[in-house]
Every structure is written in structure tokens, then in C-alpha cells.
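Each chain, written out:
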Number of protein chains: 2
Amino acid sequence: MISERMKEYVSKSSTVRAMFEEGKRLSSIYGEENVFDFSLGNPNVKPPESIKEAVYEILDKEPPNLVHGYMSNSGYEDVRDKIAGDISKKYNLKLTGNNLIMTCGAAGGLNIVLKTLLNPGDEVIVFSPFFGEYENYVRNFDGKLVIIPSDRETFEPDLNRLEDKINSRTKAVIIDSPNNPTGIVYSEKLIKSMAGVLNRKQEQLGTSIYLISDEPYREIVYDGIKVPFVLNYYRNSFVVYSYSKSLSLPGERIGYVVCGSETDDFDNVMQSLNVANRILGFVNAPSLFQRVIARCLDSKVDVNIYKKNRDLLYNHLVKIGFSCIKPSGAFYLFPKSLIPDDVEFAKRAKKFNLLVVPGSSFKCPGYFRLSYCISYDKIKKSLDSFDKLIK
Amino acid sequence: MISERMKEYVSKSSTVRAMFEEGKRLSSIYGEENVFDFSLGNPNVKPPESIKEAVYEILDKEPPNLVHGYMSNSGYEDVRDKIAGDISKKYNLKLTGNNLIMTCGAAGGLNIVLKTLLNPGDEVIVFSPFFGEYENYVRNFDGKLVIIPSDRETFEPDLNRLEDKINSRTKAVIIDSPNNPTGIVYSEKLIKSMAGVLNRKQEQLGTSIYLISDEPYREIVYDGIKVPFVLNYYRNSFVVYSYSKSLSLPGERIGYVVCGSETDDFDNVMQSLNVANRILGFVNAPSLFQRVIARCLDSKVDVNIYKKNRDLLYNHLVKIGFSCIKPSGAFYLFPKSLIPDDVEFAKRAKKFNLLVVPGSSFKCPGYFRLSYCISYDKIKKSLDSFDKLIK
């Protein structure tokens, strides 16, 4: 009796559930400490102490009907102004709270942006491998997802193919850097070139093509690398952000969408994002955590913990013969699977108590994803299983 | 450049913004204390102290990566079990956490239910006056809203017309008791009769017709009245709940959907609600507040404050000649407008610094809504303006 579309989703999701159940089964046989679950992207690093302190201070000092009450669907004005000011300082921009909407995480942000932009049949381009939810979000608004395989050496988007694929129905391009699942970070040069392509095609076609940059991993970078801020390079940009990873708050559903004033149709775009927050049922980003974030703009989780995990796992895998690009951000490795069939490979890995996600889940068969947001000790203990697997 | 659908919404929403701006303008001329804003449903009664205490205790005692982390898209198992147990005790049911999904408020709950049920073109019945967002939510999934005017004496649904309107495309009926905007509470007798109609039509048509009961005002009732729990009367029911009003936490976006095990296609329905939470971008109800709620199941705002407001405003309006049904719940009055054109009436009320919402916003012209979730003193001060208005 459920809808046709949901039938498809429910049957697909039962595969994921089966995998989850299998993990539980393995734990019950071998003990939890001997099962190595690299499948989930749930941050294991603690949120900074400042979060707790901010909550205490807000509950002690601010009126409860303000803290827990309704506000504009766009979020508290003072919170938006503070975040916009912080972004402006960091990236040398002139943004105010009017450029920013508080959202229920990046997932909420992406949905209000796509609701704002898409007419049925409009095309949205992504580069594979990509975070699988993009397909669902685009489908929510009857858009059409167009997948372009990224370069398999660098995992960078192929800009020639991008230029080829853009047509009059192309409404947006979604990028995700630092990237899930590859961990690569797009360079300034790449963003500039991509902006060049988009500007050229906009002019040629006489349309607006929006660049949607999904950046939940913006702060999770290593080796001093900088993530370019797309608003500085391309006019029609949205940056969709979440505090899920930078502050280890994924359950709190708190993030924002920011958009420059020079964006085509700016006033209507911002008003539409506001209305979309309401009519899609988000209403507003959770209120207490909006106020918490505003007090914690200088806080960040200890990224060094992830870096140590990355180094341990990456170095070992490469040493024993896996082929893998070294990630500069996020908390994932995306090695080649040892056999072309990545789903079969994930099954075989399970025999050594290694839970991994096949690349097919990111529309990139022949690879697999490892999330290293688990404890260092657990990773250390797992290395032996990788040795056995490769043999 | 925004989508066609959003253009409509944005132009409509500018009317609401204009009203809001007008309120601000009046305040700047006459002083905020002399402008009587009865237009917003933002609770003014304080959240119970137990909320703050629960937050402190959770942050002190529970591991932060649990408190702020990802969990199942359905919500924490322990939280769902506790709430299900509490409902079971109150309403003599046998529910477990498997019957319940934590949601981003009732708005999130309604959206995952409608996503689960609706194929494009499926019909959803509501009784006018009704909360305007239902129209948007049904439209999100290409459903068709079918509006049946309620009886204008009692504001109860007309069950004969309901029986007439149900056909093979009817997927659901949405009710909202205690009602926004009328404040009436549906009696047990009414719910039983409605269940009778639905059962009869289900059998006749060989379809499943779901009753969706939106209950954010469940706990806001007066004069010892009881709100019947629909799961006890009709098999294919969803109760959609929010803590926005019962705990004055509207900004926190926390609520649930509960559904009985005997519901048609129960397993798929629950799995679909879980998946819909994810793919619509809610992902999960905010995590800290899930855990807060579980510790505050016996808490409630001081409903007596709303009751005093109701009595003051209702008694005065009726005394001076307004025609209005006495509400047994929620915090709204829905009197007849003094002239048939309710939009014009709302304009005239503004001349006396009274901000009210025309009944047309609830698809019920000739009436207007007053929200009495403002301070008692403000209501007292406003009575004089109502006297002038009626003259």
C-alpha cells in the first residue's frame, strides 16, 4: 500500500539493512573488538568542549522562549549575521545575514537549493564517484541526474566532458570537496577552470547554471591544504555547509546555505530558500544549536586524530600493495578493489571481518570505501586482516 | 531563474511578509505595547524547568558522540521505546519502539507519512478550515488535496460528505484535533463514526485509506476534556505529534509519528517512513532533543495560562457581540468576521492595531483567527480595541 517510488527505496534499503545485520552477526560470533567496521561515516572524534559550555551559557542567560521558539524560516538574524561575518573575514567577502539561511544540516540545505532551482526534467550534473544521496535529492524534485565519471587517476572532474554535457536543461552542478568517498580536495586552479567552463556555457546558452558546493568536510583537511571558497570564483554559487564533521554534531542537523548577492535572481533565490525550508517541512534549523554555533565559530574538532588514522591506514595499505590516492581531506580512503567486481570484493573482505562499502554505491565500480573515523587502536588491529585479505 | 512552482510560492509569501512589515510599521508609530498581534502561533508560555535540567544531566553524564551523533534514521531505539511505552500506558495500547519514528516536528512527520503513501494524483481529504501547510505538503508529492467544508455551526467534519467524496484514488484523510484554527476537539463519538465511514469505504473499494491525525495541540486542552487517541478506533491510523506546544519547543523541531502494528502493510510502512526521513533530507530528528524528550515524558507547560487567556478573550468577544465557538483546546479563537469579506475585515481591524488572520488563509472565508498565546496583560489591553472595532 506504500507508494510505487517508496517500494523501490524500501527494497534497496533492505540490502543495506542486511549488511548491517551481517555486521552484528559477525560481532556476536567473533566479539565486537575483532570486527572492523569501516563502513560508516559517523565521526568518532569528540565535539570541542566549547559546545557544552555554549549550551550551558545559553540556557543560563538567554530567555527560554527565544532559545527554543520559532524564528524566521531562514534562522535567527543575529546568528546569520555572525556566521556571514565570520565567512566574510575568512574568505575576504562582503556577506551579511541576508546571504545566508540556516538549515537542517547539509542534507536540508541541498534539498532547499534543489527545490528552489529545479523544474521537472531539469538536469543536475555530478562527478562519479559521488555521495549517493544526491541522486535521491535530485529525484525529490523530478530532476534528472547526469553522471560524469571523474578521471580515474586523480579523481578530478573531467572538464571537457563537463563542457560537452551541459545543455539548455542543465540547471546545476554539484561538487563535494573535500570529497566523499575519495578524500581529494579540488585545487584553486581546478575551481577556476570549472568556473570558466560554466561561464562560457552560460553565455553560450543564455541560461543560469548554478554551482552547488557541498562542503561538510571543509574543515577536515591535512598537510596545510586550503579549500578554495567557490563564491570567490563563480558568481552563481551556493555553498552548502554542515557542522556535522567540523564539530562532530551530525545528529543535531545544523548547517547553512550561503549565496553571493551577485547571483542571478538573488532576491527571489533567497526568498525561495526561506519558503522551501517551510514547505518541505524543515520549518527552521534546530533553534538551540543555531545559537550554540554562533558562539563556537572558532572551534573545531582535533583534526590531527583523523590525520594519524589516515597515515596509519594509507601507509599500510599502499605498502602491502593496494592502489589508492592519498586523501588530503575528509575521513575516507578509496582504494582499487583487488578484483574488478567490487561487490564480490566487499563480500570477501567480510570473511576477514572487514566491513567496507563497494565503490558501486558511489557509482564507481572497481573500488571500495574505507571510513577511518574509528579509533586508532582499532585500525592498528585491523591491519593484519588487510594483510590476509591481499594474500 | 527559480523554478515555476517556487515563483508562485514566493509571490504568495510576499503578501505574508507585507503583513509582517505592516505590523512592524504600526509598532514604530504607536509603540509595540499598543499593537496587538494575534496573528502568530508562537507559544509564549515557558518550557518546563525539567527541559533545562534534562539538557544539563545529559551533557554531564552521557558520552558526547552518542548525544550528538548519528543514529538510525528512525531515531534512538531507547528513546522510541520509552515514548512508545508511555503512549501505551496512557492509551492502553501495546506499542514498542518499532511502532514509532522520531521526526523533525509534526511538519517533518507529515511529510514522511505523505511521501510514504502518495502516488502522483492520489487524493488527500481535509476539512476546512484547516492548517494551510497541508496543501503544500500534499503538493510536495504531487497529491491532490480534496477540501470538504466542515459544519459551520460546530466546525465538525461532515461525515456524509466525507463518504461521498471518498473514491478509489483517496489515500488519506488528515484531521487536526485540537484544531487549528477553531480550537474544537473531536469527540470519541465523532472519531468512532468517522472510523465507521472509513472502514465501510475501504471494504467497498478494496483499498487502504489512512487516517492521519496531526496532534501538536494534544496536551493543550481545557475543562477536563479528553482527546481520543485514533489508534484505538481505526486500524489504518498515523498519529503525528510534536512537542512544539506541549513543551513550548517549536524551534527545536522534535516530534514523532506512531502507527499501530495492525496497519495494512505495516512493515513496509515503517521501513518507508525510515527511508523517507533520510531521502527527504531530515536524516533524523535532532539528537540531543530526542534524548531530552525521553527524560521529560511527564512534563507539560502550564496550560492554565492559556485557559485564562481563552476565558478573558472569549468572554469579552461574545459579550460585545462576536459570534464564536468556545474552544476546548489549542490556543486559537475563530470568530465570524463582522462583514462577509474577511480579508477586508482584517484590514479594518488593523486600523485599531489588531493583527488577525483572515479565515480565507484556512480556506474558510467569513471568519478570522486570533492566537491567544500572548500575555494576559496584552489581551486585557486589547479589549478596548475590539470594542471600538465592533462599533
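Residues numbered from 1 in each chain as written. Chains lettered and ligands numbered in written order. Predicted model: local features only at pLDDT ≥ 70, side-chain atom pairs only at ≥ 80, totals over all residues. Heavy atoms only, no water.

**Q** Please provide a residue-by-residue account of the overall build of chain A, values included.
**A** Helices and strands together make up the secondary structure of chain A, namely 13 helices and 12 strands. Against the globule reference of 21 Å for 391 residues, chain A gives a C-alpha radius of gyration of 21 Å, in line with a compact fold. Oriented by its inertia axes, the alpha-carbon framework of chain A measures out at about 60 × 55 × 55 Å. Looking at chain A as a whole, 62% of its 391 residues qualify as buried. Of the contacts formed within chain A by residues at least 6 apart in sequence, a portion of 75% connects residues at least 24 apart. Here chain A displays about 14800 Å² of accessible surface, and carbon together with sulfur accounts for 50% of that area. On chain A, the mean spot of the 52 positive side-chain charges and the mean spot of the 48 negative ones are 3 Å from each other. (Helix = DSSP H or I, 4+ residues; strand = E, 2+ residues; numbered from the N terminus. Rg over C-alpha atoms; globule rule 2.2 N^0.38 Å. Buried < 20%, exposed > 50% of the residue type's maximum accessible area, 1.4 Å probe, protein only. Contact = heavy atoms within 4.5 Å. Areas by Shrake-Rupley, 256 points an atom, 1.4 Å probe, with all protein chains shown as cover. Lys, Arg positive; Asp, Glu negative; His and termini not counted. Charge placed at Lys NZ, Arg CZ, Asp CG, Glu CD.)

**Q** Quick one: what's the story with the relation of the copies chain A and chain B, residue by residue and with numbers?
**A** After a rotation of 180° and a shift along the axis of 0.0 Å, chain A superposes on chain B with an RMSD of 0.0 Å. Expressed as a symmetry operation, the mapping of one chain copy onto the other fits a two-fold axis. The residues that chain A uses at the interface reappear at the interface of chain B in 100% of cases, marking a shared surface. (Least-squares fit on C-alpha atoms with pLDDT ≥ 70 in both.)

**Q** Account for the domain arrangement of chain A, naming residues and giving values.
**A** All names here are of chain A. Taken domain by domain, chain A holds domain 1 (4-47 + 301-390) and domain 2 (49-295). Each of domain 1 and domain 2 was reduced to a C-alpha centroid, and the two centroids are 27 Å apart. Contacts between the two partners involve 30 residues from domain 1 and, on the opposite side, 38 residues from domain 2. Of the roughly 2800 Å² buried between domain 1 and domain 2, counting both surfaces, carbon and sulfur atoms make up 57%. When the area that domain 1 buries against domain 2 is broken down by residue, the three leading residues are I325, S328 and K363, summing to 20%. Inspection of the domain 1/domain 2 interface yields 4 salt bridges. At the level of elements, α1 (4-30), α11 (303-319) and β9 (332-333) are the ones that each hand at least two residues to the side of domain 1 that touches domain 2. (Domains from an automatic or database assignment. Buried area = accessible area lost by both parts, 1.4 Å probe. Salt bridge = Lys/Arg side-chain N within 4 Å of Asp/Glu carboxyl O.)

**Q** Outline the interface of chain A and chain B, supporting the account with residue identities and numerical values.
**A** With 73 residues of chain A in contact, the opposing surface of chain B contributes 73 residues. For the pairing of chain A and chain B, the buried interface totals around 5800 Å² over both sides, and the portion due to carbon and sulfur atoms is 54%. When the buried area of chain A at its contact with chain B is split by residue, A:M1, A:H68 and A:Y70 rank highest and sum to 12% of it. Taken together, the links from chain A to chain B amount to 4 salt bridges. Across the pair A:D60 and B:K52 runs a salt bridge, and its minimum N-O distance is 3.8 Å. The interface formed by chain A and chain B includes 45 residue pairs in polar contact (both at pLDDT 80 or more). (Polar contact = N/O pair within 3.5 Å; in protein donor to acceptor, adjacent residues only side chain to side chain.)

**Q** Outline the pairing of strand β7 (residues 237-242) of chain B, supporting the account with residue identities and numerical values.
**A** Residues and elements named next belong to chain B. When you tally the buried positions in β7, you get 6 out of 6 residues, the bulk of the element. Going residue by residue along β7, you find S237, V239 and Y241 tucked away on one face and F238, V240 and S242 tucked away on the opposite face as well. The pairing of strand β6 (residues 210-214) with β7 spans 4 bridges and is classified as parallel. In the sheet register, S213 faces β7, and the bridge partner there is V239. Of the pairings in the sheet, the one linking β7 to strand β8 (residues 255-259) comprises 5 bridges and is antiparallel in character. Note on β8: the bridge partner recorded for V240 is V257. (Pairing = 2+ DSSP bridges.)

**Q** Quick one: what's the story with the pattern of salt bridges, residue by residue and with numbers?
**A** Counted according to the given criterion, the structure contains 44 salt bridges over all chains. Measuring nitrogen to oxygen at the nearest pair gives 3.4 Å for the salt bridge that ties A:K171 to A:D122. Here the residue A:K171 occupies a position in strand β5 (residues 170-175), and A:D122 occupies one in the loop between α5 (105-117) and β3 (123-128), the gap between them amounting to 49 residues. With respect to class, A:K171 is no different from A:D122; both count as buried. Put simply, B:R310 and B:D223 hold a salt bridge, and the shortest N to O gap is 3.0 Å. One end of the pair, B:R310, is in helix α11 (residues 303-319); the other, B:D223, is in the loop between β6 and β7, with 87 residues separating them in the sequence. Beyond isolated ion pairs, a larger network of salt bridges with shared partners links A:E57, A:E62, A:D78, A:R291 and A:R295.

**Q** Quick one: what's the story with helix α4 (residues 77-91) of chain A, residue by residue and with numbers?
**A** All names here are of chain A. Across its 15 residues, α4 extends 21 Å between first and last C-alpha, which sits within 8% of the 21 Å expected from 1.5 Å per residue. Listing the buried residues of α4 in full gives V79, R80, I83, A84, D86, I87, S88 and Y91. A positive phi of about 55° marks N92, the residue just after α4. (Expected span 1.5 Å × (residues − 1).)

**Q** Describe the sheet that holds strand β8 (residues 255-259) of chain A, listing the residues and the values that go with them.
**A** Residue and element names in this part refer to chain A. Strand order in this open sheet of 7 strands is β2-β8-β7-β6-β5-β3-β4, and the pairing throughout is mixed. Here the strands that pair on one side only, and so sit at the sheet edges, are β2 (100-103) and β4 (144-149). Put simply, the sheet's adjacent strands are angled 20° from each other on average, direction ignored. The strands touched by α4 are β2 and β8; relative to β2, the strand with the most contacts, the crossing angle is about 115°. Along the sheet face, helix α6 (residues 133-140) touches β3, β4, β5 and β6 (210-214) and points at about 150° away from the line of β4. (Axes fitted to C-alpha atoms, helices over the stretch in contact; angles between N-to-C directions.)

**Q** Describe the packing of helix α5 (residues 105-117) of chain B against helix α9 (residues 266-279) of chain B, with residues and values.
**A** Each pair of packed helices can be summarised by the angle the axes make with each other and by the distance between the axes. Residues and elements named next belong to chain B. For the pair α5 and α9, interaxial distance at closest approach is 9 Å and the crossing angle is 120°. In terms of orientation, α5 lies oblique with respect to α9. Of the two elements, α5 crosses α9, and the hand of that crossing is right-handed. Contacts from I112, V113, K115 and T116 of α5 reach α9 at V269, S272, L273, A276, N277 and I279. Split by residue class, the contact of α5 with α9 holds 6 nonpolar, 3 polar and 1 charged. (Parallel < 35°, antiparallel > 145°, perpendicular 65-115°, else oblique. Left-handed = near helix turned anticlockwise from the far one by under 90°. Nonpolar A, V, L, I, M, F, W, Y, C, P; charged D, E, K, R; others polar.)

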